[in-house]
Amino acid sequence: MLEEEIIEEGIVNSVKNGMAEIFLTGSGYCESCTAKIVCRNVDSGKKSLTVDNNFGGKVGDKVRISVKGKRILQATFLLYGFPVFIILFGILAGMQIFNDELVASLMGLGAAGLFFFFVYFFYKNKKKQDIIRTEKI
């Protein structure tokens, strides 16, 4: 999984404000892909992805998009695994300090909320080309 690289091809549909919307050409890997949450269905039923246009794409260009398995695993742990540990730690700490289940639960959820707040602001300005690589074909 770490060395795996998911590669898709698509066609640039629109370019606006430094962002390119790419319609992905259908492949058999979409149904079993673990990264399909990145794509979204549009009205036409095609899969679409919006990325930074750092590759200089124009409408109609054919492009290749790749994401390393290591990055998907890191994002999964960051968004799902680590918050579970934070919630559990917050609940256990809250039970030790306050000895009240409601307060302990709120403390765990509050800690997870703070975690997501910090993650959002840390990754907000992070370069997206470190995660998704896009190139013209």
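Going by the structure above, here's the rest.
These figures come from a predicted structure and were not determined experimentally.

The rules behind these values
Residues numbered from 1 in each chain as written. Predicted model: local features only at pLDDT ≥ 70, side-chain atom pairs only at ≥ 80, totals over all residues. Heavy atoms only, no water. Pairing = 2+ DSSP bridges. Helix = DSSP H or I, 4+ residues; strand = E, 2+ residues; numbered from the N terminus. Phe/Tyr/Trp six-rings, centres within 6.5 Å; stacked < 30°, edge-to-face > 60°. Buried < 20%, exposed > 50% of the residue type's maximum accessible area, 1.4 Å probe, protein only.

Draft legend 1. Here's a closer look at the pairing of strand β5 (residues 62-68). Here seven bridges tie strand β1 (residues 5-16) to β5, and the two strands are oriented antiparallel to one another. Opposite Ile11, over in β5, you have Lys62 as the bridge partner.

Draft legend 2. Representation of the packing of aromatic side chains. One pass over the full model with this rule turns up seven aromatic pairs. Seen from their ring centres, Phe77 and Phe82 are 6.1 Å apart, and the 55° between their planes marks the pair as tilted. Between the aromatic rings of Phe117 and Phe121, the centroid separation amounts to 4.8 Å while the plane-to-plane angle is 70°, which identifies the pairing as edge-to-face. Of the two residues, Phe117 and Phe121 are both situated in helix α2 (residues 101-124); the distance of four residues between them amounts to about one turn of the helix. Overall, Phe117 belongs to the partly exposed group, its relative accessible area being 45%. Each member of the aromatic cluster is reached from another via a ring pair, and the members are Phe77, Phe82, Phe115 and Phe116.

Draft legend 3. Geometry of unusual backbone geometry. One non-glycine residue, Asn17, lies in positive phi territory at about 50°. Checked against the element boundaries, Asn17 lands in the loop between β1 and β2 (19-24). Despite not being glycine, Asn99 has its phi angle at roughly 55°, a positive value. Locating Asn99 in the fold gives a position in the loop between α1 (69-98) and α2.

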